Amino acid sequence: VPAPATVEIVKGIPIYQNDLGGELTTPTGAAIMAAVADGFGPIAGFTIENIGYGAGSRVHEDRPNYLRVCSGRLGKGVAETGWIHERLRLIETDMDDEIGETYSYLFERLFAGGALDVHLTAIQMKKNRPGHRLGVLTTADLLDDLIRIILDEASTLGVRVTEVDRYSLPRRFETIDLDGGTIQVKIAERDGRVVKAAPEYESCLAYARDRNLPLREVYRRVHAKLVEKFPVDMTAS
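Residues numbered from 1 in each chain as written. Predicted model: local features only at pLDDT ≥ 70, side-chain atom pairs only at ≥ 80, totals over all residues. Heavy atoms only, no water.

1. Quick word on the overall build of the protein chain
Item 1. The helix and strand tally for the protein chain stands at seven helices and nine strands.
Item 2. At 25 Å, the protein chain has a C-alpha radius of gyration far larger than the 18 Å of a compact globule built from 237 residues.
Item 3. Its C-alpha atoms put the protein chain at 80 × 50 × 35 Å along the principal axes.
Item 4. Here the protein chain, with 237 residues, has 25% of them falling under the buried criterion.
Item 5. Within the protein chain, contacts between residues separated by at least 24 positions form 53% of all contacts whose residues are at least 6 apart in sequence.
Item 6. A gap of 4 Å separates the mean positions of the 29 positive and 35 negative side-chain charges of the protein chain. (Helix = DSSP H or I, 4+ residues; strand = E, 2+ residues; numbered from the N terminus. Rg over C-alpha atoms; globule rule 2.2 N^0.38 Å. Buried < 20%, exposed > 50% of the residue type's maximum accessible area, 1.4 Å probe, protein only. Contact = heavy atoms within 4.5 Å. Lys, Arg positive; Asp, Glu negative; His and termini not counted. Charge placed at Lys NZ, Arg CZ, Asp CG, Glu CD.)

Here's what the structure looks like:
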């Protein structure tokens, strides 16, 4: 228990085990869930609309033998809220013995591995040692790969993983003309209206180097273009 066929089917799917000592998931049930479900996790933020029960024939001494299925909506869509809701994973680890030079390459590898965000926070650790907390935001499917990178590249011996909800504005990228060149900018919208726009750093850096301009001056020119193009102040970076 569980049956070999069930174990094969649920590869890559989070599982739950208790002390009942009997089969809780049949190969048929596992196959249906593996084929139909887009993901697996807690139901926080889930709005239940319908509930159904099915009773099994096996009798347990301390609990009823029911299967419950709930259907509903996971949060509200962009059309209702104006923002995107995602269930992500936050990987964290605390280090007080890491060499400062290694962080740059660690960040590089994590972003190349698909991390959505990577950050460091200064903390005070045991024995009054100054240290850093590494935080990596990622999707569930990349979790194992990014943990492997951290354990390979950093001095830490382990990490913590927390499920987090991210709410973000829909965004898109545009290219604007700037004095004979081009700059990529990120545009954020809500309810079909542009609410934020910011230049992309790498694009501005390449433009500044190509024309031997201060990076700050390139940002100033791009911000002026954005304010001109959109009806609200787009100078926030």
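2. Some words on the environment of Leu157
Item 1. With respect to the helices and strands, Leu157 occurs in the loop between α5 (143-153) and β6 (160-168).
Item 2. Given the relative accessible area of 85%, Leu157 is considered exposed.
Item 3. For the pair Leu157 and Met95, spaced 62 residues apart in sequence, the C-alpha separation works out to 9.3 Å.

3. A look at the pattern of salt bridges
Item 1. Inspection of every chain in the model, using the stated rule, returns 19 salt bridges.
Item 2. Of the charged contacts in the structure, one is a salt bridge between Glu163 and Arg89, with a shortest N-O distance of 3.0 Å. With Glu163 in strand β6 and Arg89 in strand β3 (residues 84-95), this pair connects stretches of sequence that are 74 residues apart.
Item 3. Of the charged contacts in the structure, one is a salt bridge between Asp96 and Arg129, with a shortest N-O distance of 3.5 Å. Of this pair, Asp96 sits in the loop between β3 and α4 (102-112) while Arg129 sits in the loop between β4 (117-124) and β5 (130-138); the two residues are 33 residues apart in sequence, bridging distant segments of the chain. (Salt bridge = Lys/Arg side-chain N within 4 Å of Asp/Glu carboxyl O.)

4. Remarks on the confidence of the model for the protein chain
Detail in the predicted coordinates should be disregarded across regions flagged by low pLDDT.
Item 1. Considering every residue of the protein chain, the mean pLDDT works out to 87; 92% of them sit at 70 or more.
Item 2. Here residues 233-237 scores under 50 on pLDDT; set against residues more than four positions off or in separate chains, the count is 13 contacts. (pLDDT = per-residue confidence, 0-100.)

5. A short note on the environment of Gly12
Item 1. Mapped onto the elements of the fold, Gly12 is located in the loop between α1 (4-9) and α2 (27-36).
Item 2. The sequence separation of Gly12 and Asp141 amounts to 129 residues, and the corresponding C-alpha distance is 9.5 Å.

6. Side note on the packing of α4 against α5
Item 1. Two elements in contact, α4 and α5, have axes whose closest approach is 10 Å; the angle formed by their N-to-C orientations is 160°. By the angle class used here, α4 and α5 are roughly antiparallel. Regarding α4 and α5, the two cross each other, and that crossing is right-handed. Along its contact with α4, which presents Tyr105, Leu106, Arg109 and Leu110, the element α5 presents Leu146, Ile149, Ile150 and Glu153.
Item 2. Residue classes in the contact of α4 with α5 are distributed as six nonpolar, no polar and two charged. (Axes fitted to C-alpha atoms, helices over the stretch in contact; angles between N-to-C directions. Parallel < 35°, antiparallel > 145°, perpendicular 65-115°, else oblique. Left-handed = near helix turned anticlockwise from the far one by under 90°. Nonpolar A, V, L, I, M, F, W, Y, C, P; charged D, E, K, R; others polar.)

7. Thoughts on the side chain of Arg89
Item 1. Residue Arg89 is classed as buried on the basis of its relative accessible area of 12%.
Item 2. A distance of 3.0 Å separates the side chain of Arg89 from the side chain of Glu163, its partner in a polar contact.
Item 3. When sequence neighbours within four positions are dropped, the list of residues in contact with Arg89 reads Phe40, Val136, Leu137, Thr138, Ala140, Leu143, Val161, Thr162, Glu163 and Val164. (Polar contact = N/O pair within 3.5 Å; in protein donor to acceptor, adjacent residues only side chain to side chain.)

8. Regarding the packing of aromatic side chains
Item 1. Counted by the stated rule, this structure contains one aromatic pair.
Item 2. When the ring centre of Tyr207 is taken as origin, the NZ or CZ atom of Arg211, which lies over that ring, is 4.0 Å away. (Phe/Tyr/Trp six-rings, centres within 6.5 Å; stacked < 30°, edge-to-face > 60°. Lys NZ or Arg CZ within 6 Å of the ring centre and 35° of its normal.)

9. Overview of the packing of helix α6 (residues 201-211) against helix α7 (residues 215-229)
Item 1. Relative to each other, α6 and α7 sit at 115°, their axes nearing to 9 Å. Of the two possible hands of crossing, α6 and α7 adopt the one that is right-handed. Residues Tyr201, Cys204, Leu205, Tyr207 and Ala208 of α6 form the contact with α7, whose own contacting residues are Leu215, Val218, Tyr219 and Val222.
Item 2. Classifying every residue of the contact of α6 with α7 gives nine nonpolar, no polar and no charged.

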